[in-house]
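# Chain and residue survey
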Amino acid sequence: MAAIVMLSQTMIEAVTVVAFRFKRYQNPGHHDSGNECCDPQPWLFWDPCNDCDNRFIVCFDTVSNDLNLHPCTYGSFSTNRLIADDDDFYFPSPLAPLDENDDDIPNPYYFTTSNWQDGFRVKIQVWDYDPTNADDLVDELGFNFVGSQYQPAANEGAATTWNEEILHDGQQSTYVITVEVKIYCEDHYYGPENGCATYCLPRDDDLGHYDCDSVTGSKVCHPGYVGENCEQITTSS
């Protein structure tokens, strides 16, 4: 007699995906980390500071409270100046790399981990590009993406897009980077509550005949098959 049997899941290395989009940057005071104007223009007493020429160094790491750019467990990148003389702009896509010989940096930026630790940290340095002198540090920002909203969804379609403002109040300006984050299990990985630790790939061949439960990732035998991998033909009683 034909039957569909729910079987135990296969536990292998998990894969969690994070999609991280940079949306907007704001530095209304046009000051660097030393509270100096990025580009002074004192002859304009009503607007003595011109906008900065911003480039970014980004580090994705495990949850912590530091701003160190090493290590970057989940990846890192450095951009070139993105937009000249602009302290309030929307990030382009893609982002220009610091080394013009490198590939463009996708925005959103994707990283994966096989060891999800209930969150991650982004650490960002902002620099004012100067073609003739050393670049000046504008700001350093960090944010831990932790909590129930920042846990993996079952798949990309089920993932919520979260918006967050990463900010730092300086003496002369409030620096704000607005980002967008989605976290979900990679295709064929299930069990978001366990860091996407359940793997199931449907098959219909000599090694097995089954589909995968869309929620749990349990193997669902095709009619007429049983066994751990649904490889045994059922016998009529």
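Look up: the structure comes first, before these words.
Because the structure is a prediction, the values reported are computed rather than measured. (Residues numbered from 1 in each chain as written. Predicted model: local features only at pLDDT ≥ 70, side-chain atom pairs only at ≥ 80, totals over all residues. Heavy atoms only, no water.)

### Some details on the overall build of the chain
Within the chain, the secondary structure is distributed over 0 helices and 19 strands. Looking at the chain residue by residue over its 237 residues, the buried ones come to 43%. Once local pairs closer than 6 in sequence are excluded, the contacts in the chain between residues at least 24 apart make up 59%. When the accessible surface of the chain is summed, it comes to about 12,400 Å², and 47% of that surface belongs to carbon and sulfur atoms. (Helix = DSSP H or I, 4+ residues; strand = E, 2+ residues; numbered from the N terminus. Buried < 20%, exposed > 50% of the residue type's maximum accessible area, 1.4 Å probe, protein only. Contact = heavy atoms within 4.5 Å. Areas by Shrake-Rupley, 256 points an atom, 1.4 Å probe, with all protein chains shown as cover.)

### Here we look at the nonpolar core
Formed by 33 residues in total, the largest nonpolar core has its most connected members in Phe56, Phe60, Phe120 and Ile177. Put simply, the parts of the chain that give this core at least two residues each are β2 (16–26), β5 (54–61), β8 (109–113), β9 (119–128), β10 (136–146) and β12 (174–185). In terms of residue count, β12 provides more of this core than any other element does, 5 residues in total. With 6 residues, the next largest nonpolar core counts Cys200, Tyr210, Cys212 and Cys221 among its residues. (Core = buried A, V, L, I, M, F, W, Y, C linked by side-chain atoms within 4.5 Å.)

### Thoughts on a negative patch on the surface
On the surface, a cluster of negative charge is made up of Asp99, Glu100, Asp102, Asp103 and Asp104. Positionally, Asp104 belongs in the loop between β7 (88–90) and β8. (Patch = residues over 30% accessible without salt bridge, like charges linked within 9 Å, V, L, I, M, F, W, Y side chains within 5 Å. Salt bridge = Lys/Arg side-chain N within 4 Å of Asp/Glu carboxyl O. Lys, Arg positive; Asp, Glu negative; His and termini not counted. Charge placed at Lys NZ, Arg CZ, Asp CG, Glu CD.)

### A word on the sheet that holds β10
Taking strand neighbours across the sheet as the criterion, the 4 strands line up as β6-β5-β9-β10 in an open arrangement whose pairing is antiparallel. The open sheet terminates on both sides in strands that have one partner only, identified here as β6 (75–78) and β10. The sheet shows a mean angle of 10° between the axes of neighbouring strands, taken without regard to direction. As judged from the 10 bridges shared by β9 and β10, these two strands associate in the antiparallel manner. Bridged to Trp127 within β10 is Leu137. (Pairing = 2+ DSSP bridges. Axes fitted to C-alpha atoms, helices over the stretch in contact; angles between N-to-C directions.)

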